[in-house]
Amino acid sequence: MLTPGQAAAHAPLRLRAQQQRMVDAILAAWNAGESIAVEAPTGTGKTYAYLMAALAQGGRFVVSTATRALQDQLVDRDLPALLGHLQMRRRVAVLKGRENYVCLHGLAQSLQTHRPADQLQALQQVARWAQGTRSGDLAELENLRELPALLPQITASHSECLGQRCTHFAACFSNRARAEAAQADVLVVNHHLYFSELRHRQMLGAAHGFVPLAETVVMDEAHQLPAIGLKVLAKGLNAGDVQDFLQSAARQTRMHARGFAPWDALLASSSQALVHWLAVSNANSGGPGSEAGRAEAAAGESTEALVRLHNRLSEMIAALQGVAGGAASLQRLVEQGHSLLATLRQWGRPPAAGLVRWWDGPSLPPQQSVPRAAPAAQARALRQGFRESPPWLWQALMALQPDVLGATWLAAPMTGVTTPSQAAVPQRWLFTSATLGQDDALQWFTSAMGLQGLAADGAPLLDGVAALPESQTRVQLPSQVPPQVRCLRLAHALDWAAQAALVIPQTLPPADAPPTERAQALAAWLKAPVEQLGGRCMVLCTSTQAMWALAAALRHELGGAPIDVQMQGEAPKRHLLAGMRGATGQGRRGQVLVGTMALWEGVDLPGEALQLLVIDKLPFPPRHDALHAARAAALQDLGEDGFLGYTLPQTAMQLRQGVGRLLRSFSDRGLVVIADARLCTRSYGASLLAALPPMPQLPQEEVARYLASIREIRVESTDASQATISSS
């Protein structure tokens, strides 16, 4: 086993005090048979710290991330660098969901189907790539503009995969990745895949998992676990599930039942009913297109649209039933159709006690419907659908079968849990992120996970059992005592007081003003600072409506300047961020990037690429969000203040994530603009300000001078500074 001292002696980057403290705390917890949660702010170097701790522990380990981008960074950069400097040989593998790999069967079928010349050319490009790629990971084709439109044809979900019946089974990239994962010493997965594994085991039995877990599991970007876990484990139906069914019906009836029924008319009426249900349900969810004061009418419209979709699908399935004897694939379609109908009927009934139901998914820009949307936007729209789950992740986990629960952090205090002999049972957990809570017990994170926080040395942090109100659920935690987790909050490594400043404009329309009015006023306010910096600005919005309005307003205000305004969704995220990084050279056009929640985290723009970070308003949970409402209501039922006990901490964590995009290294400088005067005028403003990194607050008249000082700075030690900061 490699000791921490030996690891430090060969580290690619010299361990700083914060990193060493993190390594020591992780190993102390693991050696005591306990799990640990570490809040490590940007600049800590947490990636190398936990990798060194896991390597020092010995044996196999799994790292899970919230994003595929961090997966790739770990496998392509961080792990090779660390292992190289430690002169250690370890088999490293990355595993993603099946839909991330090209399906050779689907690709071959698509090449044989008549289609427009541009799509055929793109498919041929994919085919040439598939012959030479080792991984089959479609991320390698991110520059192919037609890729989003091709994905339904060249990927296969679990239900669509033919398994060993496929003629390409031996060459399947997904199967190859899973085989490599089983042999890896270090396996890198993502949270979505981890929870999909739990769902898979729950459906088919614990012996049928496809993610080979290990005794040591690291959960990076852990603050996203509750949201991702609930989304994956929730029961529900996507609009895309219905669309896939209709596309399969079109293919199978052409091959096996041509002329036996008016298939084109049946498919058209079902597709129209799907589009109508999607549009009405999205409006009824409170998202873009919804109107205040018409909730009752919208609910009626949604029910009517649901009944219409159910009836049109019933007609299609009845016709399929009449020809099901002609082919096994038609019989499978009938069975799939009846399952869809049952799920739609479930959506038409009220949820069971203790469950929350919500509409989930991205929205289309204004004036667009699904058929008229661009392929990428259309694919996003079809991921919309309804979900049903308990309010908290730990409740959803406790509903799993005991042998499946054994693969989670909630299994620790349980006895008698059995798992298949070939499956490793996680014994040591690390949860880490830049934002996990506002207290030493990290209650914001640990309570959602079903854990009780201890101090890093193992001492109790809270009186009693834990901050988990029993009345929030009828499901009790094991032995009435939640599993314990050691908690460590590291101080800020970056000097926010010297490297950044905050300004809160006081002259903008109030937060509840119409989005267009606020967008025009904020764009006018930002015109001068953006032009002064030559771009180098990212604007984080709290809604898609605000993003659309603000992007349009900024383009109008900056129309005469050599500055381009880019908006999330107009290009792949990687391309947008690459444009920001590439805009710092002399003579290049400046860049302003406007986005919504996808840019609030997982964005790394060090150096001069980002010097002005704007948040359009405080990121309170949307009022129409059923999960947030249920959690706040549960506290109200206990006689506590739901706003102070849940909504405000949730907002503080999101605000910290957004502000954290500004400084990524010790040489960065920049200005944070939070365009919401409620920080100064409401009683809760002080609490939210206290949650932010410590930085001076500037009056509006000092903004130009401060930005001028940023532009004048020429940090000669940039290279040295970058060499001392590891991945954060």
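Conventions and cut-offs
- Residues numbered from 1 in each chain as written.
- Predicted model: local features only at pLDDT ≥ 70, side-chain atom pairs only at ≥ 80, totals over all residues.
- Heavy atoms only, no water.
- Buried < 20%, exposed > 50% of the residue type's maximum accessible area, 1.4 Å probe, protein only.
- Helix = DSSP H or I, 4+ residues; strand = E, 2+ residues; numbered from the N terminus.
- Pairing = 2+ DSSP bridges.
- Contact = heavy atoms within 4.5 Å.
- Axes fitted to C-alpha atoms, helices over the stretch in contact; angles between N-to-C directions.
- pLDDT = per-residue confidence, 0-100.

1. So, the pairing of strand E7 (residues 356–360)
Across the 5 residues of E7, 5 count as buried, placing the element largely inside the fold. Both faces of E7 are covered, namely the face carrying Val356, Trp358 and Asp360 and the face carrying Arg357 and Trp359. Pairing geometry for E7 and strand E8 (residues 385–389), over 5 bridges, is antiparallel. Counted as the bridge partner of Val356 is Ser389 from E8.

2. As for the sheet that holds strand E16 (residues 612–615)
Here we have 7 strands laid out as an open sheet, ordered E14-E15-E13-E16-E17-E12-E18, and parallel in their pairing. The open sheet is flanked by strand E14 (563–567) and strand E18 (697–698), the only strands paired with a single partner. Those strands touched by helix H24 (residues 642–659) are strand E13 (537–540), E16 and strand E17 (670–674), and its axis lies near 155° from that of E16. Lying on the sheet, helix H27 (residues 703–712) is in contact with strand E12 (500–503), E17 and E18; it crosses E17 at an angle near 150°.

3. Quick word on the sheet that holds strand E9 (residues 428–433)
Strand order in this open sheet of 8 strands is E3-E4-E2-E5-E9-E1-E11-E10, and the pairing throughout is parallel. Each edge of the open sheet is held by one strand with a lone partner, namely strand E3 (92–94) and strand E10 (452–455). For this sheet, the mean inter-axis angle between neighbouring strands, taken without regard to orientation, is 25°. Bridge count between strand E1 (residues 35–39) and strand E11 (residues 484–489): 5 bridges; the pairing is parallel. Each residue of the ladder has a partner; that of Ala37, found in E11, is Cys487.

4. Details of the confidence of the model for the chain
Overall, the predicted model of the chain reaches an average pLDDT of 85, with 85% of residues at or above 70. Averaged over each element, pLDDT in the chain is lowest for helix H28 (residues 718–724) (44) and highest for E16 (98). Here residues 413–422 is a poorly scored stretch, pLDDT under 50, and it has 15 contacts once near neighbours within four places are set aside; other chains count. Below a pLDDT of 50 lies the segment residues 462–479, which in the model reaches 41 contacts outside its immediate sequence neighbourhood of four places, other chains included.

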